[in-house]
Amino acid sequence: MDISTGLRTAAQCFQDRCLYAGAKWAAEMLNSLSNNTNSSNGVSNALLPSGNIASTSDDETSQTESDLITLARSYFHTKEFDRAAYHLKSMAVQSALGKFLRIYSKYLAGEKRRDEISPDLMGPVDSKLSPNLEIPGLMKELQALIAADQMDTYLYYLLGVFQSRQKNREDAFESLCTAINLFPFNWNAWVELVSLAEDVDMPKLVRKLPVDNVMFNIFLVLVALDRGTDELQIGASDIRAESALDKLRELFPTSLWLQRSTAVIKYNTEDFTECARIFEAVIRQDPHSLDYLDLYSNVLYVMNQTAKLSFLAHHATEIEKYHPETCVIVGNYYSLRGEHEKAIQYFRRAIKLNRNYVTAWLLIGHEYVELKNGSKAIEAYRRGVDLSPRDHRFWYGLGQTYELLKMPYFALYYFKRAAELREDDARMWNVLGDNYERLAESSEQPTDGELPPNINPQGLRENGNQEAIKCYHRALKSYGDTVAIQTACMRLAKLHKDMGENDLAAWYYQCVLDEITNSEKADLDKVRVQSTAHRVDASLFLAAYYRDKQNWARAEKVIQNISHSEEGMALSREIRSMRSAAESEQQANGTFGQDKRRPTVGGLTIEERGEGSARRIGSGARWRTGDKM
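Bear in mind the structure is a predicted one, so any value in this text is a computation, not a measurement.

**Q** Any chance you could explain the overall build of the protein here in plain terms?
**A** Summing up its helical and strand segments, the protein has 30 helices and four strands in all. Per-residue burial for the protein yields a buried fraction of 53% across its 629 residues. Pairs at least 24 apart in sequence give 66% of the contacts found in the protein among residues at least 6 apart. With an accessible surface of roughly 28,900 Å², the protein has 48% of that area assigned to carbon and sulfur atoms.

What follows is the structure in structure tokens.
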């Protein structure tokens, strides 16, 4: 089966089963397929299906069953899910298609009832308080079909979904892998698998999935989008999502889905200008689509593009006013204008339309933080954690909120979780380090009710600064921009200074000055304000440090950085006076001109270690969050 046949089959089968998202995706990819790849000729072997793919065409149905399925679909389209399932209970329904529609209808009826018995918008999701009561019975039916050998790829997909909802991760993993191996173009199964695929599972996936199929490259892109990263580790090798996208563009040169995926990756790497450019091109090609426009509104929000965001809000409203994405776009517009109450109204409307809309829960949490409403912010972020536990932004938001509520131990707990999920993000480690520092200095005695799990206040007071140093070193080994690198170096310098380790403090202060020099060469306006404060602190310390070492030339060179400030001028006069006195004494003793021993760190003098040492300490390359915070 070639790629075009696989996508065509998938689109039709998804349509037959009322899996509209999968049908839309398959049809769009089919129509973007290059004319040169409609057959296996000219297509890279690494992207073609392997072996003989089992036929997924629906088995023969009687006229009676076909009429019942048509009736059930009509009820399904009007969201009468119980009614659709009821009419498919007939003994005449024996095909896998009919069984799928009945089980899927019953499942959606249960989802609908679950929402109805949880009227509180900020209530729990998928918890013991609001389970889908239909799932246990439906799983028994599917197990009976397995025993009777009557399962197909779509029924295995449903089984994987049910097992995932019941937190039975391993069984869900196996069911979804089975569904994919039966039919690699089962898009819905790949999407569901993304939420289950932890980093430790990637080598296992390589063994269990058809990695030589074009869909595996699409899966890599999906995982990258879900994790907000451009790099994935599979076994001992790293794979960049961009390389997978390059391969797919050869096959699907006009795919809007690939263009949108590229925009999301640019967003995650904080290349907002390129991200916005891609979205503008996509809107011109597909002006009536709302797909990912909520993310584009985040980009315009971060770039402070009020006029463009206003135009986007009007554009989305004209397409479909009462759509979740439209509500988020309008909410972002009001938030950018500082109208947080209005923004909350629109985010709540988006959630009413789709209770599982992760972006809306995140943004409404941000708005409550802006309004200093900690309890509501916590409710929103907790709902987001239930929906997307791997999204570091919800854990980070909880940390910020508990910090606002002056509950530092809970803030530390959530910031630590955010850093673990986003371990290559320098900002996460800087925030965590700052919390460790403050708790090391805290004299408060919290009660047991004020402590999250595995937090020891006494241990934090004794070892908090050492933990902070570890965090700042992790920041230097992570991806970060100049602000993040400067912040980590400044905190390390101040900690070592307070600990009396002046040589190490001088090393990190020099790193700060190097980063400032690099940012000035790159003309980075956004870091200049913070760089000015850092330059003053670093230069004052280094000038005094070299003065005490009687390294007069170095001290005078450093103090020139802040010669315009009062502190700089005063210290400069002091250095010149002390240098003059020292040289007079050396002339009297006959030792004038002999070099003083210069301070070293790691066997190198501070001035000899070269510029950019902060970058060499770690592997800082780029800043990637793309978060609206």
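**Q** Explanation requested: the confidence of the model for the protein in the structure shown.
**A** Detail in the predicted coordinates should be disregarded across regions flagged by low pLDDT. Here the protein shows a mean pLDDT of 83. Residues at 70 or above account for 82%. Across residues 38-57, where pLDDT falls below 50, the model places 43 contacts with residues more than four positions away in sequence or in other chains.

**Q** Honestly, the environment of His315 in this entry has me stumped. Any pointers?
**A** By the element assignment, His315 lies in helix H16 (residues 306-319). The residues contacting His315, other than those within four sequence positions of it, are Ile283, Pro287 and Leu293.

**Q** How should I be thinking about the nonpolar core in this particular structure?
**A** It is characteristic of soluble globular proteins that their nonpolar side chains tend to be buried jointly. Core analysis: the largest hydrophobic core is formed by 187 residues, its most contacted members being Phe162 and Phe252. A per-element tally of this core places helix H11 (residues 214-227) first, with eleven residues. Setting aside its immediate chain neighbours within four residues, Phe252 contacts Ile3, Leu7, Met29, Ser32, Leu33, Val214 and Leu258.

**Q** Looking at this structure, I do not really get the pattern of salt bridges. What am I missing?
**A** Oppositely charged side chains can form a pair if their charged atoms are brought close together. Scanning the entire structure with this criterion turns up 27 salt bridges. Of the charged contacts, one joins Arg249 and Asp246 as a salt bridge, the two residues approaching to 2.5 Å between their closest N and O atoms. Of the two residues, Arg249 and Asp246 both sit in helix H12 (residues 241-251), three residues apart, roughly one turn of that helix. Overall, the relative accessible area of 39% leaves Asp246 in the partly exposed class. In this structure, a network of salt bridges that share partners links the residues Asp82, Lys106, Arg113 and Glu134.

**Q** Any chance you could explain helix H15 (residues 293-302) here in plain terms?
**A** Residues spaced three or four apart along an α-helix point in a common direction, a consequence of the helix completing one turn every 3.6 residues. Counting buried positions over the ten residues of H15 gives eight, a clear majority of the element. In this structure, the buried residues of H15 make contact with helix H13 (256-268), helix H14 (272-285), H16, helix H17 (324-336) and helix H19 (358-370). Positive backbone phi, at 60 degrees, marks Asn304, one or two positions downstream of H15.

**Q** Sorry if this is basic, but what is going on with the packing of aromatic side chains here?
**A** Two numbers describe a pair of aromatic rings. These are the distance of the centres and the angle of the planes. Overall, the coordinates contain 24 aromatic pairs when judged by the stated rule. Look at Tyr267 and Phe272: their rings are 6.0 Å apart centre to centre, the planes differ by 55 degrees, and that puts the pair in the tilted class. Each member of the pair, Tyr267 as well as Phe272, carries the same accessibility label: buried. A centroid spacing of 5.6 Å and a plane angle of 20 degrees characterise the contact between Tyr334 and Tyr346, whose relative ring orientation is stacked. Here Tyr334 is found in helix H17, whereas its partner Tyr346 is found in helix H18 (residues 340-353), with twelve residues between them in sequence. Among the residues examined, Tyr334 registers a relative accessible area of 14% and is labelled buried. Three or more aromatic residues joined by ring pairs form one cluster here, namely Trp395, Tyr402, Phe410, Tyr413 and Tyr414. Of note, Arg349 hangs over the ring of Tyr346, and the distance from its end group to the ring centre comes to 4.8 Å. The ring of Tyr396 carries Arg427 above its face, with NZ or CZ at 5.3 Å from the centroid.

**Q** Before we go on, may I ask you to explain the packing of H19 against helix H21 (residues 392-404) in this structure?
**A** Two quantities define a packed helix pair, namely the angle between the helix axes and the distance between the axes. Orientation of H19 relative to H21, taken along the N-to-C sense of each, is 15 degrees, at an axis distance of 11 Å. One element, H19, and the other, H21, form an angle in the roughly parallel class. In this structure, the crossing between H19 and H21 has a hand that is left-handed. Contact residues: H19 offers Val358, Trp361, Leu362 and Val369, while H21 offers Arg393, Phe394, Thr401 and Leu404. In terms of residue class, the contact of H19 with H21 is built from six nonpolar, one polar and one charged.

**Q** Teacher, can you tell me more about the environment of Ser565 here?
**A** Mapped onto the fold, Ser565 is located in the loop between helix H28 (552-559) and helix H29 (566-589). Classification of Ser565 as buried rests on a relative accessible area of 12%. Put simply, Ser565 and Val536 are 29 residues apart on the chain and 8.6 Å apart in space, counted from C-alpha to C-alpha.

**Q** Would you take a moment to explain the packing of helix H7 (residues 153-165) against helix H9 (residues 187-194) for this structure?
**A** Here H7 crosses H9 at 20 degrees, and the two axes come no closer than 10 Å. With respect to H9, the element H7 is oriented roughly parallel. As for the relative orientation of H7 and H9, their crossing is left-handed in sense. Each of Tyr157, Val161, Ser164 and Arg165 in H7 lies in contact with H9, whose residues at this interface are Asn188, Ala189 and Glu192. Looking at side-chain class alone, the contact of H7 with H9 contains three nonpolar, two polar and two charged residues.

**Q** Teacher, can you tell me more about unusual backbone geometry here?
**A** Apart from glycine, the bulk of residues carry a negative phi angle, and the bulk of peptide bonds sit in the trans form. We note that Cys18 has phi near 60 degrees; this positive angle belongs to a residue other than glycine. Looking at the element boundaries, Cys18 is found in the loop between helix H1 (3-16) and helix H2 (20-31). Judged by relative accessible area, which is 3%, Cys18 ranks as buried. The residue Lys79 is not glycine, and still its phi comes out positive at about 60 degrees. Looking at the secondary structure, you find Lys79 in the loop between helix H3 (63-77) and helix H4 (81-87).

**Q** I tried to follow H13 on my own but got confused; where do I start?
**A** For H13, with 13 residues, the first-to-last C-alpha span of 18 Å sits near the 18 Å given by 1.5 Å per residue. For H13, a buried count of twelve out of 13 residues is recorded, marking the element as mostly surrounded by other parts of the structure. Turning to H13, its buried residues are Leu256, Trp257, Leu258, Gln259, Arg260, Ser261, Thr262, Ala263, Val264, Ile265, Tyr267 and Asn268. Here the buried face of H13 lies against H2, H9, H11, H12, H14 and H15. One side-chain oxygen at the N-terminal end of H13 lies 3.3 Å from the backbone nitrogen of Trp257; it belongs to Ser255. The positive-phi residue at the C-terminal boundary of H13 is Glu270, with phi of around 60 degrees.

**Q** Any chance you could explain the environment of Pro452 here in plain terms?
**A** Mapped onto the elements of the fold, Pro452 is located in the loop between helix H23 (426-441) and helix H24 (457-476). Looking at Pro452, the relative accessible area reads 6%, which means it is buried. Distance from Pro452 to Tyr413, taken between C-alpha atoms, is 6.8 Å for residues 39 residues apart in sequence. Excluding residues within four positions of it along the chain, Pro452 makes contact with Tyr409, Phe410 and Tyr413.

Thresholds applied
Residues numbered from 1 in each chain as written. Predicted model: local features only at pLDDT ≥ 70, side-chain atom pairs only at ≥ 80, totals over all residues. Heavy atoms only, no water. Helix = DSSP H or I, 4+ residues; strand = E, 2+ residues; numbered from the N terminus. Buried < 20%, exposed > 50% of the residue type's maximum accessible area, 1.4 Å probe, protein only. Contact = heavy atoms within 4.5 Å. Areas by Shrake-Rupley, 256 points an atom, 1.4 Å probe, with all protein chains shown as cover. pLDDT = per-residue confidence, 0-100. Core = buried A, V, L, I, M, F, W, Y, C linked by side-chain atoms within 4.5 Å. Salt bridge = Lys/Arg side-chain N within 4 Å of Asp/Glu carboxyl O. Phe/Tyr/Trp six-rings, centres within 6.5 Å; stacked < 30°, edge-to-face > 60°. Lys NZ or Arg CZ within 6 Å of the ring centre and 35° of its normal. Axes fitted to C-alpha atoms, helices over the stretch in contact; angles between N-to-C directions. Parallel < 35°, antiparallel > 145°, perpendicular 65-115°, else oblique. Left-handed = near helix turned anticlockwise from the far one by under 90°. Nonpolar A, V, L, I, M, F, W, Y, C, P; charged D, E, K, R; others polar. Expected span 1.5 Å × (residues − 1). Polar contact = N/O pair within 3.5 Å; in protein donor to acceptor, adjacent residues only side chain to side chain.

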